[in-house]
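# Reading the structure
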Amino acid sequence: EVSEKLTWIELDKKHFFHPSSSIKDSYEKGPVVFMERGEGIYIYDADGKEYVDGLSSLWNVNVGHGRKELAESASEQMKKLAYTHSFSRFSHKPAVQLAEKIASLAPGDLSVVHFTSGGSESNDSAFKIARHYFKLKGQSQRFKIIARDRAYHGVSMGATSATGLSIFRELGGPLAAGFIHASAPYSYRCEECKPECKGDCAIESIYDLIEQEGAETIAAIIIEPVQGAGGVIIPPPDYIKAVRKICDKFGILMIADEVITGFGRTGKWFGIEHEGVVPDMITFAKGVTSGYIPLGGVVISERIYRELVEHSNQNFAHGFTYSGHPAACAVALKNIEIITNEKLVENAAGMGILLQQGLEKIKNELDIVGNVMSRGLLGHIEIVKDKTSKEAFSSSHKVASQITEQAFEYGLITRPIMYNNTDIIAICPPLIINEQQINQLLDILQESIKKIMGRI
Ligand code: PLP
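Quick caveat: nothing in here was measured; it's all calculated off a predicted structure. (Residues numbered from 1 in each chain as written. Predicted model: local features only at pLDDT ≥ 70, side-chain atom pairs only at ≥ 80, totals over all residues.)

Spatially, the seven strands line up as an open sheet ordered β4-β10-β9-β8-β7-β5-β6, and their pairing is mixed. Since the sheet does not close on itself, it has two edges, and those belong to β4 (110–116) and β6 (179–182), each with one partner. For this sheet the average axis-to-axis angle between neighbouring strands, irrespective of direction, equals 25°. Helix-sheet contacts for helix α11 (residues 302–311) involve β4 and β10 (296–301), and the interaxial angle to β10 is about 85°. (Pairing = 2+ DSSP bridges. Helix = DSSP H or I, 4+ residues; strand = E, 2+ residues; numbered from the N terminus. Axes fitted to C-alpha atoms, helices over the stretch in contact; angles between N-to-C directions. Contact = placed C-beta atoms within 7 Å.)

Following both chains from N to C, one finds helix α5 (residues 93–105) and helix α12 (residues 326–341) inclined at 35°, their axes separated by 8 Å at the closest point. Between α5 and α12 lies a crossing whose hand is left-handed. In contact with Pro94, Ala95, Gln97, Leu98 and Lys101 of α5, α12 contributes Pro326, Cys329, Ala330, Ala332, Leu333 and Ile336. Classifying every residue of the contact of α5 with α12 gives nine nonpolar, one polar and one charged. (Left-handed = near helix turned anticlockwise from the far one by under 90°. Nonpolar A, V, L, I, M, F, W, Y, C, P; charged D, E, K, R; others polar.)

In this section: the sheet that holds strand β1 (residues 35–39). Read from one edge to the other, the open sheet built from four strands follows the order β1-β2-β3-β13, with strand pairing classed as mixed. On the outer flanks of this sheet lie β1 and β13 (412–413), each paired with one strand and no other.

Time to look at the site of the ligand. Close to the ligand lie 15 residues, the nearest being Gly118, Gly119, Ser120, Gly154 and Val259. The element best represented in the shell around the ligand is helix α6 (residues 119–136), accounting for three residues. Looking at the shell around the ligand residue by residue, the classes come out as six nonpolar, seven polar and two charged. (Near = placed C-beta within 6 Å.)

The subject of this paragraph is the environment of Ile221. Here Ile221 is to be found in strand β7 (residues 218–223). Accessibility expressed as a C-beta count within 10 Å gives 27 for Ile221, which makes it buried. Sequence-wise, Ile221 and Ala162 are 59 residues apart; in three dimensions their C-alpha atoms are separated by 9.9 Å. (Buried ≥ 20, exposed ≤ 12 C-beta atoms within 10 Å, placed from the backbone.)

We now examine the domain arrangement of the protein. Assigned domains within the protein: domain 1 (33–63 + 343–453) and domain 2 (69–341). One C-alpha centre belongs to domain 1, the other to domain 2; they are set 26 Å apart. Counting from both sides, the interface comprises 28 residues of domain 1 and, opposite them, 28 residues of domain 2. Listing elements by their share of the side of domain 1 that touches domain 2, those giving two or more residues are α3 (56–59), α13 (344–365), β11 (369–375), β12 (378–383) and β15 (423–427). In terms of residues, the side of domain 1 that touches domain 2 owes the most to one element, α13, which gives five residues. (Domains from an automatic or database assignment.)

What follows covers the pairing of strand β2 (residues 42–45). In terms of strand pairing, β1 meets β2 through four bridges, oriented antiparallel. Each bridged residue has a counterpart across the sheet, and for Glu39 the counterpart in β2 is Tyr42. Between β1 and β2, which pair antiparallel one after the other, the connecting turn spans two residues, and Gly40 there sits at a positive phi close to 65°. Two strands pair when backbone bridges link them, and β2 and strand β3 (residues 50–53) are joined in this way by three bridges, in the antiparallel orientation.

Structure, rendered in structure tokens:
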């Protein structure tokens, strides 16, 4: 058995170029774990060790692991018709059914769906739709996209250019033109607004960009209703309303990136529903299929779609081979049925309250927990050296990484956040989690922090 494991490690080191990983560590040390099986909120490695999947794998396994119905829905569709495209007015029922279903769940007049295979493609598609929309209206100069610091929108060229995390932006060579960044509304780390940050500085920074660049050059503002990979930042009340107001005032399109927040994660079907505003487009992926099969898309408002129809005089030459893959659409339909029938949006809201209370308790009990934030089943914990000054530990300590490694040893998978020197740990368990499992997650997290606290 030991030699079999070593063989897999050697093969991995030699042939597998891992996504989002240290190339050197992958090549020299090989993988830290081989995952083999999942059931509910748990995932098991090749040695049979159980882990709480505290990040729903990559913020996506919303209905939990091991759902045979999802495998069966893919299998049935594949046996009937595994693949057909939807270019040039070809169509198929799974895509139409899913588009109609998503339209019924999305807020306001968001009712037309353009499918992709994932989040990055969805954001690139939204940028191109926004730019095309203005081109059709004779405003080709309106092509710039405002995104925000700390934002993560994916790794394709447009999505990377919108992303506000330097580690993703600095792999080499120029990014796409026309992407500019405003401040993230992270009140805890705001040094401008006194005595308390209500997000005004972040709104000001959008105004500043618009003034600097000229409103007539801005096509869209993209926001995550709750930021994720750069820290789980719940925006201050009314911040997102203010973004909508800016968009209305200057004729800019508002794109909500709901790749993480969509499909129940925050206790509503879409994260933007907490804000009482309707964006012009929503991008989605991850939770739409709970990660069982790749699928994403952009939901467009009826108004935008009508205007596109009215002005369009050419082929919209943009689409992926796997846009609206029939088997992926069948899985998404079944996944949405599970979320609905098992009331998982409601469960995310209810368990979210327990998660929030548990995180607050950890903050009160541990000296190095400076800030906790959560909405529904999406949260984070920020570690600091000094609670009063909010001073962070030196980056050489890699405290968040140490804590997540400790948690991993104790059987909990979470994630350190890759943003400058801040030590943040993200939490995002499957929406099926129950009270006892929330407590299990929180206990392991607290024990892991305590253990590392004792060492630094
Ligand atoms: N947008 C957000 C908010 C995300 O969190 C992610 C992935 O984590 C993406 C976009 C990119 O999605 P994908 O990895 O499917 O391309």
